[in-house]
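# A structural walkthrough
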Amino acid sequence: MTDELKKLRDAIDKIDNELLDLISKRASLASNIGSLKTDGVIYRPEREAQVLRRLVEQNQGPLSNESIESIYKSIMSNCRALEKQISVAFLGPLGTFSEEASMKQFGESIVSMQTSSIDEVFHLVESHKAHYGVVPVENSTEGAINRTLDLLLTSNTLICAEIILPVHHNLISNEKNLSSIKKIYSHAQSLSQCHQWLLNHAPGIELQSVSSNAEATKIASKEKGTAAIASIRAAGLFNTPVLNENIEDDPKNSTRFLVISNHEVKPSGLDKTSIIVAAKNQPGAIASMIEPFAKNKVSMTKLESRPSKTGLWEYVFFIDVEGHMTDTKVALSLKEIESKASFLKVLGSYPQSNLT
Ligand SMILES: O=C(O)C(=O)C[C@]1(C(=O)O)C=C[C@@H](O)C=C1
């Protein structure tokens, strides 16, 4: 070893000792905080968002903000687990984007509960069998995930966080090139997110939709002459090579997930509030119903309609606004809307996700 290399490694060893000491002190403090949480609610998304925002703001490099976030999410995940192990349900199997979203939000130190449907995620949280659930709510290419919207309408769960996950698709196969591939498996949503790429590069290859991208990769890892469209993580899990990377039509393709729970979240300083409303059946009712937001200068970030399916109202509207439900202007708007709407349900206030 050269003198220079030894000097640098000795310096890293010294810093690692200091870091270990500091991380251990941090973990002890978190553990003390845990014993103050008499309500048993250990996960505090508003506090975690504040910690991450502050550190990203202070970050001078050379590590990227994404790296700082990922390191701190892991530290907080492990500190949280010292307080109490929390369980998180998501649409399985391992290797789905839902699993990736759960890991992104909660880190590795959780008890993962894989489900076979979005309904089951809601059920596990509602029946207190899982502390949290992660469900997809919209994709930037394909739009709303209707099953999630329908379940938000009927369920008693509350939204406590949002996760925005960049979704990159890859062609995964044991075959050496495209010409040996006769069939491509993937989830229907992923097939349509790669529609143009498939038209250009795989015309004539049979496309088969299956229950998840992870399932597709599992099949393609065993069946000769086939490929799957899935994430890099799925390729790794099933030990199958990636033939073509990032084949999604929109490079900014991303999916927004919600974290559902049974409790409310305090303000983080940069929040969102989600509601469902139905208008009375009279001319101009919809415009008049949402008018309090404009009047009180509350920005709407989403408006989505769905048939109510109850027979009482024709449509319900899913609305997201900036701000926490306890902020004066949001609270005032909600009060005014309540008097105008035939139905109002507040789904929760939660920290706004940044885009990393
Ligand atoms: O501040 C708290 O409430 C903590 O428990 C500490 C901590 C952290 O590691 O910073 C851990 C878990 C919570 O979700 C939020 C933050």
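Described in the following lines is the structure provided in the data block. (Residues numbered from 1 in each chain as written. Predicted model: local features only at pLDDT ≥ 70, side-chain atom pairs only at ≥ 80, totals over all residues. Heavy atoms only, no water.)

## Let's talk about the sheet that holds strand β15 (residues 343-351)
Working definition: the strands of a sheet are paired by backbone hydrogen bonds and lie parallel or antiparallel to each other. Let me state the cut-off plainly: At least two bridges found by DSSP between two strands are what make those strands a pair. Going along the chain from the N terminus, every DSSP run of H or I of four or more residues is numbered as a helix, and every run of E of two or more is numbered as a strand. Here the axes come from fitting lines to C-alpha atoms, over the contacting stretch only for helices, and the angles between their N-to-C directions go from 0 to 180 degrees.
Taking strand neighbours across the sheet as the criterion, the four strands line up as β13-β14-β12-β15 in an open arrangement whose pairing is antiparallel. The strands lining the two open edges of the sheet, one partner per strand, are β13 (300-307) and β15. Direction aside, neighbouring strands of the sheet carry axes that sit 15° apart on average. Inspection of the sheet shows β13 paired to strand β14 (residues 315-322) by seven bridges, in the antiparallel sense. Looking at β14, one finds that Glu-304 is bridged to Phe-318.

## As for the pattern of salt bridges
For side chains of opposite charge, pairing can occur when their charged atoms come near one another. We apply this condition: Here, a salt bridge means any side-chain nitrogen of Lys or Arg that lies within 4 Å of a carboxyl oxygen of Asp or Glu.
Enumeration according to the criterion identifies 17 salt bridges in this entry. Here Lys-37 and Glu-83 are joined by a salt bridge, their closest N and O atoms 3.2 Å apart. Pair noted here: Lys-37 is in the loop between α1 (3-36) and α2 (45-58) and Glu-83 is in helix α3 (residues 65-83), with a separation of 46 residues, a long-range link. Where Arg-147 meets Asp-119, a salt bridge forms, and the shortest distance between an N and an O atom there is 2.6 Å. Note that Arg-147 is positioned in helix α6 (residues 146-154) and Asp-119 in helix α5 (residues 118-126), a separation of 28 residues in sequence. Taken together, the shared-partner salt bridges in this structure form one network comprising Glu-138, Glu-162, Arg-256, Lys-272, Lys-302 and Asp-320.

In short, shape yes, function no, at least from these values alone.
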